[in-house]
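Architecture at a glance
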Amino acid sequence: MSEPSAEAIRDQLRSIAAPGGKSDIVSEGMVSDIFIAKGKVFFSLTVPADLADRLEPLRKAAEETVQKMPGVQKATVALTAERKNGQGTAPPSPAGPARPTPGPAAQRGPAGRQTIAVPGIGSIVAVASGKGGVGKSTTAVNLALALQQHGLSVGVLDADVYGPSIPRLLGLSGKPEMAGDKMMKPMESYGIKAISMGLMVGEDTPMVWRGPMVTQALTQMLRGVAWGELDMLIVDMPPGTGDVQLSLAQQVPMAGAVIVSTPQDLALLDARKGLNMFRKVEVPVLGIIENMSLFVCPDCGASHSIFGHGGAKAEAEKLGVPFLGEVPLQMAIRETSDAGKPVLVGDPDGAESTIYRQIAQRLVEEVEGVGAQGNEGPAIVFE
Ligand SMILES: Nc1ncnc2c1ncn2[C@@H]1O[C@H](COP(=O)(O)OP(=O)(O)OP(=O)(O)O)[C@@H](O)[C@H]1O
């Protein structure tokens, strides 16, 4: 029996009432792009963050509804929580060039389609975390600088459309210029090319991005930017698992993903979710980095393992994923990052910079190890 179309699935989902009961989940725009591969169906439901815990029955109902359709072998539905950035409550439209415009590269495609490389870019590496605030963006920026010090030309794409922090970390402001041909010029700081939703709409602009908008914004940042020749593009992902992760895996061939985690068990649990997400979409996990692992006393220099250091390493071993290294909790890292002058720039010979360079070295080795398959493009496979 042939599998149903995305449209047929969408119609079926109209039978499920949205929270509040006035309308259904499709009319309310809660259903993401629907991916179908060999009878397996995957999509997410965008729900308000404060209701996420209570909406498990809704997720289940959506899964069961689709699962009952002829030709569907298995349905997997994920809840994606909306995150509001800033103080506003209404979801405004992003302004100026940030507004994602529908373009040929943004059209929906069936699962498992060939991904198309971004011309000039060697490897695309995602830096991800299961939850927010673990230091993912700080790690992404310092890794980019460490890779550059290894002699690579590097770009950073801030895909954390919900809370873009790359402009602040790299001390960037203003708006990207146009390069002609409707392409945007990437901004540049410390020799790193960078683009971020934050540069285009301003960090304080409150945004609620819905699934389809996220996909288009990502396409625009990947293909609407004159990146030039890059050895590596580091993509700073939004925390958690959601549309951006799926969309990136579908749009471009990726060398792999790096998962940043703090040592706390909870973060590790979240990290595992992030890891499984990438595995599901057949993106190789290049390794785990433990951030804020040890607290180094600024006065005496002694290390204290206040967060149960070592958890990520043990977890990496258990999961059969490379452990790329650990970054201590260091005031220098926080202060320099938050001041827009990352530690790799401010103190390139310091202990922290050496740690980032060692991690970058391991990352390059991992990328080279999987490089042979890096250009084939991941097919979406659901278990
Ligand atoms: N190793 C470290 N030592 C000290 N402070 C750190 C370290 N890593 C990150 N930080 C600080 O922790 C805070 C959160 O970091 P960051 O913004 O990179 O996290 P994130 O995971 O990207 O968060 P979000 O997902 O919310 O964007 C920042 O103030 C940053 O300077």
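Throughout what follows, the structure given in this document is the object of discussion. (Residues numbered from 1 in each chain as written. Predicted model: local features only at pLDDT ≥ 70, side-chain atom pairs only at ≥ 80, totals over all residues. Heavy atoms only, no water.)

Here we take up unusual backbone geometry. A positive phi angle, close to 50°, is found at Tyr190, a residue other than glycine. Exposure remark for Tyr190: the relative accessible area of 32% places this residue in the partly exposed category. Notably, Glu282 is not glycine yet its phi reads approximately 60°, a positive angle. In this fold, Glu282 is placed in the loop between helix H8 (265–280) and strand S12 (285–296). (Buried < 20%, exposed > 50% of the residue type's maximum accessible area, 1.4 Å probe, protein only. Helix = DSSP H or I, 4+ residues; strand = E, 2+ residues; numbered from the N terminus.)

Once that is clear, we can look at the site of the ligand. The environment of the ligand is formed by 18 residues, the closest being Lys136, Ser137, Thr138, Asn291 and Pro328. At 3.0 Å, a backbone N or O of Gly135 approaches an oxygen atom of the ligand. Asn291 is positioned with one of its side-chain polar atoms (N or O) 2.9 Å from a nitrogen atom of the ligand. Protein contact buries 88% of the 630 Å² of open area that the ligand shows by itself. (Near = heavy atom within 4 Å. Polar contact = N/O pair within 3.5 Å; in protein donor to acceptor, adjacent residues only side chain to side chain. Areas by Shrake-Rupley, 256 points an atom, 1.4 Å probe, with all protein chains shown as cover.)

Right, let's talk about the side chain of Asp24 for a bit. Structurally, Asp24 is set in the loop between helix H1 (6–13) and strand S1 (35–37). Comment: no salt bridge for buried Asp24; closest opposite-charge side chain is Arg14, at 4.4 Å. Polar side-chain contacts of Asp24 include one of 2.9 Å to the backbone nitrogen of Val26. Here Ser27 takes part through its side chain, which lies 2.6 Å from a polar atom of the side chain of Asp24. Sequence-distant contacts of Asp24, that is, excluding residues within four places in its chain, are made with Arg14, Ile16, Ala17 and Ala18. (Lys, Arg positive; Asp, Glu negative; His and termini not counted. Salt bridge = Lys/Arg side-chain N within 4 Å of Asp/Glu carboxyl O. Contact = heavy atoms within 4.5 Å.)

With respect to the helices and strands, the residue Asp158 is situated in strand S5 (residues 154–158). It is Lys136 that comes nearest to the buried, bridge-free Asp158 among opposite-charge side chains, at 6.4 Å. At 3.2 Å, the side chain of Asp158 and the backbone nitrogen of Asp160 are in polar contact. One polar contact links the side chain of Asp158 to the main-chain amide nitrogen of Ser165, over a distance of 3.3 Å.

Within this model, the second largest pocket holds a volume of roughly 460 Å³. Around the second largest pocket, the lining comprises 25 residues; the ones closest to its centre are Gly133, Val134, Gly135, Lys136 and Thr138. Contributing elements (two or more residues each) for the lining of the second largest pocket: helix H3 (136–149), helix H4 (166–169), S12, strand S14 (323–329) and helix H10 (331–338). Examining the composition of the lining of the second largest pocket, we find that four residues originate from one element, H10, more than from any other. A breakdown of the residues in the lining of the second largest pocket according to their chemical character gives seven nonpolar, 11 polar and seven charged. (1 Å grid on protein atoms, 1.4 Å probe; cavity = no way out; pocket = protein on both sides within 12 Å on 5 of 7 lines; lining within 4 Å. Points joined across faces, edges and corners; volume = space filled by probe spheres on them. Nonpolar A, V, L, I, M, F, W, Y, C, P; charged D, E, K, R; others polar.)

Our next topic: the nonpolar core. Counting 45 residues, the largest nonpolar core has Leu157, Leu233 and Leu248 as the members making the most contacts within it. Not counting chain neighbours up to four residues away, the residues in contact with Leu157 comprise Ile195, Leu218, Met221, Leu222, Trp227, Leu233, Ile234, Val235 and Asp236. Listed in part, the 38 residues of the second largest apolar core include Val125, Ile234, Ile333 and Val364. (Core = buried A, V, L, I, M, F, W, Y, C linked by side-chain atoms within 4.5 Å.)

Here helix H2 (residues 56–67) spans 16 Å end to end across 12 residues, near enough to the 16 Å set by a 1.5 Å rise per residue. Considered for burial, the residues of H2 that qualify are Leu58, Arg59, Ala62, Glu63, Thr65 and Val66. Down the axis of H2, the sector holding all buried residues measures 165°, keeping them to one side. (Expected span 1.5 Å × (residues − 1). Arc of directions from axis to C-beta.)

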